[in-house]
Amino acid sequence: MEPVFRTLEITAGALVRLQGTTRRYFGLENVPRIGGFVLALNHNGYLDFLVPGLGLYRAGRRGRFMIKSEVMDIGIMRFLVNHTGSVPVDRSAGADAFRAAVDALRAGRVVVVYPETTISRSFELKAFKTGAVRMAAEAGVPVVPAVHWGAQRQLSKGTRRRMGFSRTPVDVKFGEPIHYPDDVDVEQATLVLHDVMAQLLRDVQDEYPDAPAGADWLPARLGGGAPTPEEALVIENAEAQEKARRRAEKAARKARKSR
């Protein structure tokens, strides 16, 4: 029994009930009941871990999310990471996070990875990094592709906040596990994983209720007001440059203080 993890599950369940979130799960039978696996998940909102995480719990599993190492600067987050087996990722030392994830997978745990690494402003799948396939192949476990749709309506980049009792529907679909040989072509397998998840996402979108034209949480491809992938890339590049500038300024201030 993991008391901190169980407390988080109870809290997450209470939160989605307070928000009136309606949840639908498809493909729960595809979630392995034993053994480690990588859950590859799309990333389109700040709360998009809640409903998929509860879906894993419904299937009898618990997911250990790979999250940005910056959260370790916050006391409560550091406590939660250390007591739930989550994997903090420092992009300047990615090898350590990769090794920790592989060890967790070999120990029979579920590691949740966002192959896009950052939130997609267009709400379309961005290009994938290869980490999900690489760690699965090295650990000798499958990747379970999964997508969610609807959480971006609550809290995301470029959208109006819809928190509180919003009654937002969130759908999650789990695909069939994908197994890889040791000598897998990681780049090609990652492209295939992207294609599989893109189809799962289209399937979920086709069945999703209440998608008004022009909605800020709806992709431009579907008549929504979100930026196209090309427009989103311009915004994301500008944001990345600004973050880099701030990091450089912070490092310079620290260096001056240490003199």
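Note: the structure precedes this text.
As the structure is a computational prediction, the values presented were derived from the model and not from experiment.

Cut-off values and rules
Residues numbered from 1 in each chain as written. Predicted model: local features only at pLDDT ≥ 70, side-chain atom pairs only at ≥ 80, totals over all residues. Heavy atoms only, no water. Core = buried A, V, L, I, M, F, W, Y, C linked by side-chain atoms within 4.5 Å. Buried < 20%, exposed > 50% of the residue type's maximum accessible area, 1.4 Å probe, protein only. Helix = DSSP H or I, 4+ residues; strand = E, 2+ residues; numbered from the N terminus. Salt bridge = Lys/Arg side-chain N within 4 Å of Asp/Glu carboxyl O. Patch = residues over 30% accessible without salt bridge, like charges linked within 9 Å, V, L, I, M, F, W, Y side chains within 5 Å. Areas by Shrake-Rupley, 256 points an atom, 1.4 Å probe, with all protein chains shown as cover. Lys, Arg positive; Asp, Glu negative; His and termini not counted. Charge placed at Lys NZ, Arg CZ, Asp CG, Glu CD. Pairing = 2+ DSSP bridges.

Caption draft 1: Expanded view of the nonpolar core. In this structure, Val38, Val111, Met135, Trp149, Tyr180 and Leu193 are the most contacted members of the largest nonpolar core, which totals 38 residues. Broken down by secondary-structure element, the contributors of at least two residues to this core are β2 (37-41), α4 (94-106), β5 (110-113), α5 (131-139), β6 (143-149) and α6 (186-207). With 7 residues, the top contributor of residues to this core is α6. Counting residues in hydrophobic clusters, the runner-up holds 24 residues, among them Phe37, Val112, Ala146 and Leu155.

Caption draft 2: Expanded view of the pattern of salt bridges. Per the stated rule, a full pass over the model turns up 10 salt bridges. Between arginine 246 and glutamate 242 there is a salt bridge, with its nearest N and O atoms 3.1 Å apart. With arginine 246 and glutamate 242 both in helix α7 (residues 229-258), this residue pair falls 4 residues apart, about one helical turn. Since its relative accessible area comes to 52%, arginine 246 is described here as exposed. Shared partners join several salt bridges into a network, and the residues in it are Glu242, Arg245, Arg246 and Glu249.

Caption draft 3: Representation of a positive patch on the surface within the structure. On the surface, a cluster of positive charge is made up of Lys250, Arg253, Lys254, Arg256, Lys257 and Arg259. Within the secondary structure layout, lysine 250 lies in helix α7.

Caption draft 4: Geometry of helix α2 (residues 50-58). Among all positions of α2, only Leu50, Val51, Pro52, Leu54, Gly55 and Leu56 are buried. Among the residues trailing α2, glycine 60 stands out with phi positive, at a value near 85 degrees.

Caption draft 5: Spotlight on the pairing of β2. Burial runs high along β2: 5 of the 5 residues are buried. Because side chains alternate across β2, one face comprises the buried residues Phe37, Leu39 and Leu41, and the other comprises Val38 and Ala40, equally buried. Bridge analysis of β2 against β5 gives 4 bridges, and the strand direction is parallel. Looking at the pairing, leucine 39 lines up with valine 112 of β5. Pairing analysis gives 4 bridges linking β2 to β6, with the strands arranged parallel.

Remember that the coordinates give geometry; whether it matters functionally is a separate question.
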